[in-house]
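Fold and contact review
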Amino acid sequence: MLKYITNRIFLMFITLFLIITLTFFLMHAIPGGPFTSEKMLAPEIEAALNAKYHLNDPVWLQYLNYLKSVASFDLGPSFKYPGIQVNDMIADGLPVTLKIGSLSLLVVVLIGVPMGILAALKKGHWQDSLVMAFATIGIAIPSYVIATILLFVFALKLGWVPTFGLDEWRGYILPVVALSGFYLSYVARLTRSSMLDVLDQDFMKTAKAKGLSPYKILIHHGLRNALIPIVTVLGPVVANLLTGSFIIEQIFALPGIGRHFVLSISNRDYTTIMGITIFYACFLMLMIFIVDMLYLIIDPRIKLSGKKS
Amino acid sequence: MSYIPDNVANDNQKPQKIKSYWQEVKSRLWHNRPAMLSLSFIILLIISAIIGPFITRHTYYDQNLKLSNIAPYFEVYEAKTANQEPTYFFMNQGNFKLYEVSKNGELKDILRAKRRDMINKKNIYQFGETQVILNYSSLPVQLQDAEENPLQSIGTWWNKTYLFGTDSLGRDILVRLLYGARISLTVAFVATFVNFFIGIFYGGISGYLGGMTDAIMMRIVEIISTIPLTLYVILIMVVLESGLLAIIIAIGSVFWVDMARIVRGQVLSLKTLDYVASAETMGANMWQILIGHLLPNAMGPILVTMTLLIPSAIFIESFMSFIGLGVSVPMASWGTLTAEAVETLRSYPYQLFFPATAISLTMFAFNFLGDGLRDAMDPKLNNDN
């Protein structure tokens, strides 16, 4: 176990290092400096700016300095907003993104899984068709289309919810629905198919033959086994939900990290792009790691050596 | 995973069975109505994307600001004049301007008001001796005759000049949609191509060689798949000038990862089978075994994965274009069309309807086709993986 964990952590560091390197050199491959795109700066000012941000140093020195500062959790200053650190931007946007993300996660798990179970138990009935129709819609229609349609119908036409902002609880409804739609459908479909697999198994028949109550059979024998594949995909799902969708934050004008990211792209704010990319990558890896660990705990049959093959 | 070995086992007993397996797949797919419907939709989409732009009168970049934001259908009114043909016109519900249409529904031109009575909030239009008043003093805005009685519409007509209406710059939405379809299909084609050549061979080589090579190759895949695909694509798009080429490079460079994993898994389980060992004894080299034996037998999951990866490639492109990193103006993609429509959503919802429907239908079609293909290849298997 310990060996597996240290192995994983080691791999995570290598991945992170590669990501930092990749983003750093990608950003430096962009033609022109970060200040050249602005309206004609006086050459002295540009030189002063370059000197201030050490852009005149050789690239390898900049790279080493960047590595050093990232290692001390400092993502550097923003190029476009003087005096603002990338760290501050992330700290500023993270709570919003996390709030929306964790609510969406709750929706996905608390609605998606029961929906899938219902569909599996009522296979071939109208409940199944309804869930599957819903799930297909959720997977096929892009989130930005869902978000705009929701916004149009519920905020503009009916006026039930505000069009932007999170000042009241109703402001959360549309972003959460739009963000969780895809993963809700995905999890519902996955639960249905894995539940159907489990319902077919011999141990379910044994449990029935033993005379256990249907409820007990479903929860203890059915669900517990059916949940394993769901937990496996939950890692990426959690990560994707919590890092939020750029689109959802953009459409609903939520001041989360995704919005900072999209803004920094259109502003060509290179340090912010790099910083947020690295932050995202860290966060994702951490989430996947945690879920993988949970997975090992939940299903004692999985041996670490077996997992590697 | 289970069905390929089944098929192979059958193959060993009765050599002619392999043909009938594909025939069976074909017939099962043929009887799957949603899948066949999706396939016809995709074929139709491809045909119209290729030839559509050639047979329309409009181009994707021609602007006609006089005829901007015209809906695909409108309520037509008639103004009778004594000696001449009646004039047909309609009011644009979004900007309250009047436009003249010919009798068969062709758009003619915007109508100029004879007099604008700003104080009483009325615009007066003159058709021969008939007067029409556009009264905007109270909502909803009304068209009235000279005695201020509301005009009766003579019916709802389809816009024959611009079947899907025009956007805020007066460009034909239909032809822009067709160009968008071209872009989406190009992206789908690139994704398929990359999956086929990089994904399959990467996974195949990794699985076949095993050992240290496999470990290193799979670590690389793991590292690539740690960052979400969109993040990569965005990074690459930032470095390259945004445009179709950048999207293609971005999607092409990382989109083969899932396929590589699946093929590797297939090859790992297939390579222990006897026919591989016998091929090896006969002196076949790695490429012969991979191309001649392993990959054809893994074709089922490869095809299914492919049909399910295509919609996600299309989605990524439209998503990128939606946030402004995709194709550059005046080129149209379904994502940019949606983004443009969002800005005018309140007044002209039809502008959102068409691109949103186009992308959703395409996603549906590829998903149904993938599902149908999977069911056809193994009716028992209804897993999501």
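Residues numbered from 1 in each chain as written. Chains lettered and ligands numbered in written order. Predicted model: local features only at pLDDT ≥ 70, side-chain atom pairs only at ≥ 80, totals over all residues. Heavy atoms only, no water.

**Notes on the sheet that holds strand β3 (residues 98-101) of chain B**
Each strand in a sheet pairs with another by means of backbone hydrogen bonds, the pair being arranged parallel or else antiparallel. All names here are of chain B. Read across the open sheet, the 5 strands follow the order β4-β3-β2-β1-β9; overall the sheet is antiparallel. Of all strands in the sheet, those bounded by a partner on one side alone are β4 (107-110) and β9 (155-158). Pairs of neighbouring strands in the sheet enclose a mean axial angle of 45°, with direction left out of account. Sheet topology note: the strand β1 (residues 73-79)/strand β2 (residues 87-91) ladder contains 4 bridges and is antiparallel. The partner of Ala79 across the bridge, within β2, is Thr87. (Pairing = 2+ DSSP bridges. Helix = DSSP H or I, 4+ residues; strand = E, 2+ residues; numbered from the N terminus. Axes fitted to C-alpha atoms, helices over the stretch in contact; angles between N-to-C directions.)

**Looking at the packing of helix α1 (residues 2-29) of chain A against helix α12 (residues 270-298) of chain A**
Residues and elements named next belong to chain A. It is the contact of α1 with α12, at a shortest axis distance of 10 Å, that shows an interaxial angle of 160°. Between α1 and α12, the interaxial angle falls into the category roughly antiparallel. Here α1 runs over α12; the crossing is right-handed. When grouped by side-chain class, the residues that make up the contact of α1 with α12 number 21 nonpolar, 3 polar and 2 charged. (Parallel < 35°, antiparallel > 145°, perpendicular 65-115°, else oblique. Left-handed = near helix turned anticlockwise from the far one by under 90°. Nonpolar A, V, L, I, M, F, W, Y, C, P; charged D, E, K, R; others polar.)

**Description of the environment of Thr21(A)**
Residues and elements named next belong to chain A. Tracing the backbone through its elements, the reader meets Thr21 in helix α1. Taking relative accessible area as the criterion, Thr21 reaches 17% and is therefore assigned buried. Polar side-chain contacts of Thr21 include one of 2.6 Å to the backbone oxygen of Phe17. (Buried < 20%, exposed > 50% of the residue type's maximum accessible area, 1.4 Å probe, protein only. Polar contact = N/O pair within 3.5 Å; in protein donor to acceptor, adjacent residues only side chain to side chain.)

**Overview of the interface of chain A and chain B**
Of the residues lining the interface, 41 residues belong to chain A; the matching set on chain B comes to 39 residues. Of all residues in chain A, Ala140(A), Tyr144(A) and Arg189(A) give up the largest surface area on contact with chain B, accounting jointly for 14% of the area buried on that side. Our enumeration of links across chain A and chain B arrives at 1 salt bridge. Elements with a contribution of two residues or more to the side of chain A that touches chain B: α1, α5 (126-140), α6 (143-157), α7 (173-199), α10 (246-251), α11 (257-267) and α12 of chain A. Considering every element that reaches the side of chain A that touches chain B, the biggest residue donor is α1(A), with 9 residues. (Contact = heavy atoms within 4.5 Å. Buried area = accessible area lost by both parts, 1.4 Å probe. Salt bridge = Lys/Arg side-chain N within 4 Å of Asp/Glu carboxyl O.)

**Details of the pairing of β1(B)**
The pairing of β1(B) with β9(B) spans 4 bridges and is classified as antiparallel. Looking across to β9(B), one finds that Phe74(B) is bridged to Trp157(B).

**What about unusual backbone geometry?**
One non-glycine residue with positive phi stands out, namely Phe73(A), at about 60°. Exposure remark for Phe73(A): the relative accessible area of 71% places this residue in the exposed category.

**Concerning the nonpolar core**
One recurring pattern in soluble globular proteins is that nonpolar side chains are buried together. Counting residues in each nonpolar core, the largest one holds 156 residues, and the members touching the most others are Phe252(A), Phe261(A) and Ile234(B). When residues in this core are grouped by element, the largest group, 14 residues, is from helix α4 (residues 173-209) of chain B. Listed in part, the 13 residues of the second largest apolar core include Phe89(B), Leu111(B), Ala113(B) and Val141(B). (Core = buried A, V, L, I, M, F, W, Y, C linked by side-chain atoms within 4.5 Å.)

**Concerning the domain arrangement of chain B**
Under the domain assignment, chain B is made up of domain 1 (73-158) and domain 2 (173-384). Its C-alpha centre places domain 1 of chain B at a distance of 52 Å from the equivalent point of domain 2 of chain B. (Domains from an automatic or database assignment.)

**A closer look at the packing of helix α4 (residues 86-121) of chain A against α12(A)**
All names here are of chain A. Closest axis-to-axis distance for the α4/α12 pair is 10 Å, and the angle between their directions is 50°. The angle between α4 and α12 falls in the class oblique. As α4 runs across α12, the sense of the crossing is right-handed. Here α4 contributes Val86, Met89, Ile90, Leu94 and Leu98 to the contact with α12, which in turn contributes Thr271, Thr272, Gly275, Ile276, Phe279 and Phe283.

**Details of the pairing of strand β8 (residues 142-145) of chain B**
Pairing of strand β7 (residues 130-135) of chain B with β8(B) involves 4 bridges; the strand directions are antiparallel. Bridge pairing in β8(B) places Leu134(B) opposite Leu143(B).

**Quick word on the sheet that holds β7(B)**
All names here are of chain B. Strand order across the open sheet formed by 4 strands is β5-β6-β7-β8, with antiparallel pairing between neighbours. Two strands close off the open sheet at either side, each with one partner strand: β5 (115-117) and β8. Here the strands of the sheet are splayed against their neighbours by 25° on average, with no regard to which way each runs. Two strands pair when backbone bridges link them, and strand β6 (residues 122-127) and β7 are joined in this way by 6 bridges, in the antiparallel orientation. Residue pairing in the sheet places Ile124 in a bridge with Ile133 of β7.

**With respect to the pattern of salt bridges**
As enumerated under the stated definition, the model contains 8 salt bridges over all chains in all. Between Asp371(B) and Arg189(A) there is a salt bridge, with its nearest N and O atoms 2.9 Å apart. Here the residue Asp371(B) occupies a position in helix α13 (residues 350-377), and Arg189(A) occupies one in helix α7, the pair thus bridging two chains. Using a relative accessible area of 15% as the deciding quantity, one classes Asp371(B) as buried.

**Describing the packing of aromatic side chains**
This model, assessed by the stated rule, comprises 26 aromatic pairs over all chains. Their ring planes at 10° and their centres at 3.8 Å tell us that Phe74(B) and Phe90(B) sit as a pair that is stacked. Here Phe90(B) lies in strand β2 and Phe74(B) lies in strand β1, a separation of 16 residues in the sequence. By relative accessible area, Phe74(B) is classed as buried at 4%. On the basis of relative accessible area, Phe90(B) is assigned to the buried category, the value being 2%. Taken together, the ring pairs in this structure connect Phe24(A), Phe25(A), Tyr63(A) and Tyr66(A) into an aromatic cluster. Across from the ring centre of Tyr179(B), 5.1 Å away, lies the NZ or CZ of Arg182(B), which sits over that ring. (Phe/Tyr/Trp six-rings, centres within 6.5 Å; stacked < 30°, edge-to-face > 60°. Lys NZ or Arg CZ within 6 Å of the ring centre and 35° of its normal.)

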